[in-house]
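Descriptive analysis of the structure
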Amino acid sequence: MKSIIKVGYMGIPFSNSEEMAMVFSKKFDLHNVELVPLMSAKNVVDALVAREIDYGVLAVENKYAGIVLESLEAKKGVRNLQELDLLWSPIHHCVFKRSPEDRVTRLVSHVQALGQSKGNLQRLYPGAELVECEDTAYAAEMLAGGMLPEGSAAVCRRDAGEHYGLFLADENVEDNPDNMTRFSLVKLE
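Thoughts on the overall build of the protein
Along its length, the protein carries six helices and eleven strands. For 189 residues, the compact-globule formula gives about 16 Å, and the C-alpha radius of gyration of the protein, at 17 Å, lands near that figure. Summarising its shape, the C-alpha atoms of the protein cover approximately 50 × 35 × 25 Å along the three principal directions. Going through the 189 residues of the protein one by one, you find that 46% of them count as buried. Long-range contacts, defined as pairs at least 24 residues apart, comprise 77% of the intrachain contacts of the protein with a sequence gap of at least 6.

Some details on the pattern of salt bridges
Taken as a whole and judged by the stated rule, the model has ten salt bridges. In this structure, E61 and R182 form a salt bridge, with 2.6 Å as the shortest nitrogen-oxygen distance. Of this pair, E61 sits in strand β3 (residues 55-62) while R182 sits in strand β11 (residues 180-188), and the two are 121 residues apart along the sequence. Residues K76 and E73 are paired through a salt bridge, measuring 3.0 Å at the closest nitrogen-oxygen approach. Here the residues in one salt-bridge network are E19, R157 and D159, joined through shared partners.

Cut-offs used in this document
- Residues numbered from 1 in each chain as written.
- Predicted model: local features only at pLDDT ≥ 70, side-chain atom pairs only at ≥ 80, totals over all residues.
- Heavy atoms only, no water.
- Helix = DSSP H or I, 4+ residues; strand = E, 2+ residues; numbered from the N terminus.
- Rg over C-alpha atoms; globule rule 2.2 N^0.38 Å.
- Buried < 20%, exposed > 50% of the residue type's maximum accessible area, 1.4 Å probe, protein only.
- Contact = heavy atoms within 4.5 Å.
- Salt bridge = Lys/Arg side-chain N within 4 Å of Asp/Glu carboxyl O.

Here you go:
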């Protein structure tokens, strides 16, 4: 029986990091892969160090919002962390609400998504508070599960909002249409 190869990634299912975990797995011809959602870069690196996963996927840089500090911090001081590959991926964000008539006073997402969409979000939802959470897809999950206050909307991938049965209010809200994030595939030597 073939052993399972565990690939940990930032976020949860329907996150950009999950998609890149699939891309890296295919590129490196990894078979019998289990994708492991670990929410944060720190959790990915900690799981590598504890040998709970074989590979990790980290978002490391956005073309416009810059270095992903969460990943930079997580990698600090970790010996023998090997970067196997770096790939750019187009990133598009959508705004989802619970229902069409909801008035948006709060936009919830990962700090990077909020930074990549800040201008359009302020234009589309003047005065709305930008609230950071651990992951874009997690914002959609929390919204659908009633874990966010009334007036909240999630900024996430289209498939995440659709998966959770939310109403698509605005699509492609990133400030730059050619928005891209670079992801890294890492492992311990």
